[in-house]
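# Summary of structural features
Each chain, letter by letter, is given below.
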Amino acid sequence: MPAVPAGQSFRPAGSPRWAAGDGLRAAAGLGLRTPHVREVLATRPPVAWFEVHSENYFADGGAALAALDRIRADYPLSLHGVGMSLGSVDPLDRTHLARLARLIARTEPALVSEHLCWSGVGGRHLNDLLPLPYTEEALAHVAARVTEIQETLGRELLVENVSSYVGFADATIPEWEFVAAVARRTGCKLLLDVNNIYVNAVNHGFDPDAYLAAIPRHAVAEIHLAGFDAAGSCLIDTHGARVAPAVWALYERAVARFGPRPTLIEWDLDIPAFAVLQDEAATAQSILDRSHAIAR
Ligand SMILES: [Fe+2]
């Protein structure tokens, strides 16, 4: 596929519905986690949209998928993948892609995203989102795979920047330029995880605002926020705490740069009461509302 000029979207022939953001307001959403499903079904809380981990719904049927169908009937949905292993040198997992395509057809999500990482090699799968070596070779490799996935799914993919604790000695491209280049080369959109930017900025000693400045405005289709653990010698992206004050401040600067974008609160460890997540979403919403007001 030819490179897509900046500001334009890749739209395969014969694919009428796939534009990222369709049906999803630039509002604060929540990651739907198993402990809260029953409460969401029973109370239908005022949440702008939900995001789920795609792989949790790859089964042919069952209670989880039935619950998702019911929730999807009332809320916009985003599918967030953790198992595609975008950057691996193993062949793309066609079974995984087919299952994702089937879930997309079933749930008609507003957004479909994956991580800019690798999770396995040689047929072995690691339960982690590992950083790529930021080199021209890795860039060409992962861009080709993003293009292949977009063509297979017939829709735009969002790719998310990951947190990391080590870098590669032979990396030649700053992370922010690598992330931006993937979007420019493939026409994919970005799921910018502002917490991951902050965690990496501290762990690797770079300026998080330089990162934001390098990302093309039009490419950002969603933002993630989460909490980290600062108990050790580096920040660990645990998704197990409230969003840190410094990350809220960086998020405000991200919204100022990119404009209001659908923003998700992620919480995966020591999952609290649903009301705590709603409280975090309200904080994000207040920042988005201020941005909307300035834009008017
Ligand atoms: Fe994230």
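Shown above is the structure to which this text applies.
Bear in mind that the values here come from a model prediction, so they are computed numbers and not experimental data.

In this structure, Glu160 (OE), Asp193 (OD), His224 (ND1) and Glu266 (OE) serve as the protein donors to the iron ion, at separations of 1.9 to 2.3 Å. The coordination sphere of the iron ion comprises four donor atoms, whose angles at the metal cover 83 to 176 degrees; the geometry is irregular. Mapping the donors of the iron ion onto the primary sequence yields the spacing E-x32-D-x30-H-x41-E. With Glu160 in strand E7 (residues 158–160) and His224 in strand E9 (residues 220–225), this residue pair connects regions lying 64 residues apart in the sequence. Here Glu160 matches His224 in class, with each residue buried.

Applying the stated rule across the entire model yields 11 salt bridges. Of the charged contacts in the structure, one is a salt bridge between Asp279 and Arg242, with a shortest N-O distance of 3.0 Å. Taken as a pair, Asp279 in helix H9 (residues 274–295) and Arg242 in the loop between E9 and helix H8 (245–258) lie far apart in primary sequence, 37 residues in all. The partly exposed category is assigned to Asp279, whose relative accessible area is 40%.

Strand order in the closed barrel formed by eight strands is E1-E2-E3-E4-E7-E8-E9-E10, and the pairing between neighbours is parallel. Between one strand axis and the next, the sheet turns through 30 degrees on average, direction left out of account. Pairing analysis gives four bridges linking strand E2 (residues 50–53) to strand E3 (residues 77–80), with the strands arranged parallel. Within E3, the residue paired with Phe50 across the bridge is Leu77. Across the face of the sheet, H8 comes into contact with strand E8 (189–193), E9 and strand E10 (263–265) while running at roughly 170 degrees to E9.

By the definition in use, this model includes seven aromatic pairs. Ring centres 5.9 Å apart and planes at 55 degrees place the aromatic pair Trp176 and Tyr211 in the tilted group. With a gap of 35 residues between them, Trp176 in helix H5 (residues 175–186) and Tyr211 in helix H7 (residues 208–214) connect regions that are remote in the sequence. No difference in accessibility class separates Trp176 from Tyr211, as the two residues are buried. Both rings, one in Tyr198 and one in Phe228, keep their centres 5.8 Å apart while their planes meet at 20 degrees; by these two values the pair is stacked. One end of the pair, Tyr198, is in helix H6 (residues 194–204); the other, Phe228, is in the loop between E9 and H8, with 30 residues separating them in the sequence.

On E2, burial covers both faces: Phe50 and Val52 on one face and Glu51 and His53 on the other are all buried. Relative to E2, strand E1 (residues 28–31) is paired through two bridges, and the arrangement is parallel. Across the sheet, residue Gly31 finds its bridge partner in E2, namely Glu51. Once the chain exits E1 it traverses helix H1 (residues 34–43) before rejoining the sheet at E2, and the crossover so formed is right-handed. Considered for its hand, the β-α-β crossover made up of E2, helix H2 (residues 63–72) and E3 is right-handed.

With that settled, consider the side chain of His53. Examined against the element boundaries, His53 turns out to sit in strand E2. Relative accessible area serves as the criterion here: at 17%, His53 is assigned to the buried category. Aside from chain neighbours lying at most four places away, what touches His53 is Arg33, His80, Val82 and Asp268.

Here three bridges tie strand E5 (residues 118–121) to strand E6 (residues 124–130), and the two strands are oriented antiparallel to one another. Bridging from a neighbouring strand, Gly120 pairs with His125 of E6. Taking the residues that link successive antiparallel strands as the turn, the E5-E6 hairpin has two residues, and the phi of Gly122 there is positive, at about 65 degrees.

Turning our attention to unusual backbone geometry. Even without being glycine, Glu108 reaches a positive phi, approximately 45 degrees. Positionally, Glu108 belongs in the loop between helix H3 (94–107) and strand E4 (111–115). Judged by relative accessible area, which is 43%, Glu108 ranks as partly exposed.

Orientation of H8 relative to H9, taken along the N-to-C sense of each, is 35 degrees, at an axis distance of 10 Å. With respect to the hand of their crossing, H8 and H9 are arranged in right-handed fashion. Contact residues: H8 offers Trp248, Tyr251, Glu252 and Val255, while H9 offers Glu280, Thr283, Ala284, Ile287, Leu288, Arg290 and Ser291. Class assignment of the residues belonging to the contact of H8 with H9 gives a composition of six nonpolar, two polar and three charged.

Thresholds applied
The residue numbering used here restarts from 1 in each chain and proceeds along that chain's sequence as written. With pLDDT at 70 or above as the cut-off, local features in this predicted model cover only qualifying residues; side-chain atom pairs require 80 or more to be listed or tallied, and sums for whole chains, interfaces and linings still use all residues. For the side-chain quantities, the full set of heavy atoms in the structure was used; hydrogens and water were omitted. Donor atoms (N, O, S) are those found within 2.8 Å of the metal centre, with the cutoff raised to 3.2 Å for Na, K and Ca; water is not part of the atom list, so apparent gaps in a site can occur. In these descriptions, tetrahedral denotes four donors with every angle between 85 and 135 degrees, square planar four donors and octahedral six donors with opposite donors over 155 degrees apart and the rest between 65 and 115, and irregular any other case. By the criteria applied, helices consist of DSSP H or I runs no shorter than four residues and strands consist of E runs no shorter than two, each listed in order from the N terminus. Exposed residues in this analysis have more than 50% of their type's maximum accessible area, buried residues have under 20%, and partly exposed residues fall in between, with area computed by a 1.4 Å probe over protein chains only. Between Lys or Arg on one side and Asp or Glu on the other, a salt bridge is scored when a side-chain nitrogen of the former is within 4 Å of a carboxyl oxygen of the latter. Should DSSP find at least two bridges between two strands, the strands are taken to pair. The axes used here are C-alpha line fits, helices contributing only the stretch in contact, and every angle between their N-to-C directions lies in the interval 0 to 180 degrees. When checking whether two residues touch, look at their non-hydrogen atoms; a contact exists if any pair is within 4.5 Å. Think of it this way: a Phe, Tyr or Trp ring, Trp meaning its six-membered ring, pairs with another when their centres are within 6.5 Å, and the plane angle makes it stacked under 30 degrees, edge-to-face over 60, tilted otherwise. Place the viewer so that the strands point away; then a crossover is right-handed whenever the path from the first strand over the helix to the second strand goes clockwise. Here is the rule for handedness: rotate from the far helix to the near one, and if that takes an anticlockwise turn smaller than a right angle the crossing is left-handed, while a clockwise turn gives right-handed. In this classification, Asp, Glu, Lys and Arg are treated as charged, Ala, Val, Leu, Ile, Met, Phe, Trp, Tyr, Cys and Pro as nonpolar, and every other residue, Gly included, as polar.

Nothing here speaks to function; it is all geometry.
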